[in-house]
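# Report on the structure
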Amino acid sequence: MKTLNLLSLVLLIVGGLNWLLVGLFEWDLVGGIFGGMDSPIAKVVYILVGLAALYGFTLLSKVNK
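In this report, the structure presented in the accompanying data block is examined. (Residues numbered from 1 in each chain as written. Predicted model: local features only at pLDDT ≥ 70, side-chain atom pairs only at ≥ 80, totals over all residues. Heavy atoms only, no water.)

Turning our attention to the layout of surface pockets. Any empty space left between atoms is shown by rolling a water-sized probe over those atoms. Approximately 170 Å³ is the volume attributed to the largest pocket. Taken together, the elements giving at least two residues each to the lining of the largest pocket come down to α1 (2–25) and α3 (40–63). Tallying contributions element by element places α1 first for the lining of the largest pocket, with 4 residues. The class makeup of the residues in the lining of the largest pocket is 6 nonpolar, 2 polar and 1 charged. (1 Å grid on protein atoms, 1.4 Å probe; cavity = no way out; pocket = protein on both sides within 12 Å on 5 of 7 lines; lining within 4 Å. Points joined across faces, edges and corners; volume = space filled by probe spheres on them. Helix = DSSP H or I, 4+ residues; strand = E, 2+ residues; numbered from the N terminus. Nonpolar A, V, L, I, M, F, W, Y, C, P; charged D, E, K, R; others polar.)

Before going further, it helps to examine the side chain of N18. Along the chain, the position of N18 falls in helix α1. For N18, a relative accessible area of 7% translates into the label buried. Within the local environment of N18, its side chain forms a polar contact with the side chain of D28, the two groups lying 3.1 Å apart. In contact with N18, not counting residues within four places along its chain, are W27, D28, L29, V30 and Y46. (Buried < 20%, exposed > 50% of the residue type's maximum accessible area, 1.4 Å probe, protein only. Polar contact = N/O pair within 3.5 Å; in protein donor to acceptor, adjacent residues only side chain to side chain. Contact = heavy atoms within 4.5 Å.)

Take the environment of G56 next. For G56, the position within the fold is in helix α3. In sequence terms G56 and S8 are 48 residues apart; their C-alpha atoms lie 7.2 Å from each other.

Our focus in this paragraph is α3. Over its 24 residues, α3 extends 34 Å from the first C-alpha to the last, a length consistent with the 34 Å expected when each residue adds 1.5 Å. Along α3, the largest kink reaches about 35° and is centred on F57. Those residues of α3 lying buried are A42, V45, V49, A52, Y55, G56 and L59. Those residues of α3 that are buried are in contact with α1 and α2 (29–34). (Expected span 1.5 Å × (residues − 1). Bend = angle between axes of the 7 residues up to and from the residue.)

Side chains of L6, L9, V10, I13, L17, L20, L24, F25 and W27 sit close together on the surface and give an oily, nonpolar patch of about 920 Å² of accessible area. With respect to the secondary-structure elements, L17 resides in helix α1. (Patch = residues over 30% accessible without salt bridge, like charges linked within 9 Å, V, L, I, M, F, W, Y side chains within 5 Å. Areas by Shrake-Rupley, 256 points an atom, 1.4 Å probe, with all protein chains shown as cover. Salt bridge = Lys/Arg side-chain N within 4 Å of Asp/Glu carboxyl O.)

Topologically, S39 is positioned in the loop between α2 and α3. The exposure class of S39 is buried, given its relative accessible area of 12%. A polar contact is formed between the side chain of S39 and the backbone oxygen of F34, at a distance of 2.8 Å.

Next comes the structure, spelled out in structure tokens:
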């Protein structure tokens, strides 16, 4: 479970940095690395970041303890 938590945290950080770059410079880091927003690899990364965000809800109860 510790590995899943770490992976989720890394994906959330990647997603947060990506949105920071989109907001500041209108540049998509994930799309830039993987050949555009429509590339299959970029879509997988976006899906994984979204799943990590959903999993993050389960971590909230652990943080509040």
